[in-house]
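As a plain string of letters, each chain reads:
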Amino acid sequence: MLNEDNQRLFKEAMGNYPTGVTVVTTTNREGDPVGITVNSFASVSLDPLIILWSIDRKASSIDTFTKSGKFIVHLLANDQQELVKLFSSKNVDRFSKIKWGFSDNQLPVLEGAFAVLECETVQTVEAGDHTILIGAVTNIRTEKKDPLLYHRRHIGAIPSEFYERM
Ligand SMILES: Cc1cc2nc3c(=O)[nH]c(=O)nc-3n(C[C@H](O)[C@H](O)[C@H](O)COP(=O)(O)O)c2cc1C
């Protein structure tokens, strides 16, 4: 099969694979906040607590994320659609449009996520056109909120019939 066909099929398959959505943040050398919308997030290990996500090497924040050594993953709640768009839009001052503050560890924390995982980078792995960042979770906060879902380029809450079928 042609490589182009495989890429199309891969996109079709992955686009039909539902995920949650996160915004991952860190701080650059100047101390400014940096953040990106990410759905490649996955939990890896319970003991010790390890997670991973991957970043496109073309992303403007690639060097900041690979060098800072720490980051925060915000697991978005179902009322945070706007953050998904904001943190994946080009040429906008992302942090001027939202409520956020610095953690004790000088990392940008956004308001309203259902979970906030503060991490230290333990490994980076080059994988094709992306870099995988593997993080040890050093601090966790949670809120009792429902998650935001991403599927076929749509974002939204878990539909009520999803629960009815259980
Ligand atoms: C739902 C969703 C999930 C995304 N997941 C990722 C991801 O896992 N890794 C990644 O590098 N970019 C991901 N992106 C794309 C980036 O958020 C987007 O390209 C962003 O603008 C990159 O930051 P930059 O503009 O600073 O380069 C995702 C975008 C959306 C809308």
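Computed from a prediction, not measured in an experiment: that's the story for all the values here.

Caption draft 1: Main features of the side chain of His-74. Turning to its location among the elements, His-74 is positioned in strand E6 (residues 70-75). Setting aside chain neighbours within four positions, we find His-74 in contact with Val-21, Thr-22, Val-23, Thr-25, Pro-108, Val-109, Leu-110, Ala-113, Ala-115 and Val-116.

Caption draft 2: Quick peek at the UniProt feature "domain: Flavin reductase like" (unreviewed entry) in the protein chain. Following the UniProt record, one finds the feature "domain: Flavin reductase like" (unreviewed entry) at residues 14-157. As a span, residues 14-157 carries 10% helix and 48% strand, and end to end its C-alpha atoms are 19 Å apart.

Caption draft 3: Spotlight on the pattern of salt bridges. Here the structure, examined in full by the defined rule, presents 6 salt bridges. For Asp-79, the salt bridge goes to Lys-145, with nearest N and O atoms at 3.3 Å. Of this pair, Asp-79 sits in the loop between E6 and helix H3 (81-86) while Lys-145 sits in the loop between strand E10 (130-142) and strand E11 (149-151), and the two are 66 residues apart along the sequence.

Caption draft 4: Focus on unusual backbone geometry. Along the chain, Asp-47 connects to Pro-48 via a cis peptide bond; the corresponding omega equals 5 degrees. Mapped onto the secondary structure, Pro-48 falls in the loop between strand E4 (42-45) and strand E5 (50-56). Phi is positive for Gln-106, close to 60 degrees, though the residue is something other than glycine. Within the secondary structure, Gln-106 is located in the loop between strand E7 (100-102) and strand E8 (108-110). Backbone geometry at Arg-153 places phi at a positive 65 degrees, although glycine is not the residue there.

Caption draft 5: Local environment of a nonpolar patch on the surface. A cluster of nonpolar side chains, contributed by Leu-46, Leu-49 and Ile-140, occupies part of the molecular surface with about 300 Å² of accessible area. Of note, Leu-46 is situated in the loop between E4 and E5. Classification of Leu-46 as exposed rests on a relative accessible area of 73%.

Scoring rules and cut-offs
Residues numbered from 1 in each chain as written. Predicted model: local features only at pLDDT ≥ 70, side-chain atom pairs only at ≥ 80, totals over all residues. Heavy atoms only, no water. Helix = DSSP H or I, 4+ residues; strand = E, 2+ residues; numbered from the N terminus. Contact = heavy atoms within 4.5 Å. UniProt positions renumbered as here; feature names shortened; annotations may be inferred. Salt bridge = Lys/Arg side-chain N within 4 Å of Asp/Glu carboxyl O. Patch = residues over 30% accessible without salt bridge, like charges linked within 9 Å, V, L, I, M, F, W, Y side chains within 5 Å. Areas by Shrake-Rupley, 256 points an atom, 1.4 Å probe, with all protein chains shown as cover. Buried < 20%, exposed > 50% of the residue type's maximum accessible area, 1.4 Å probe, protein only.

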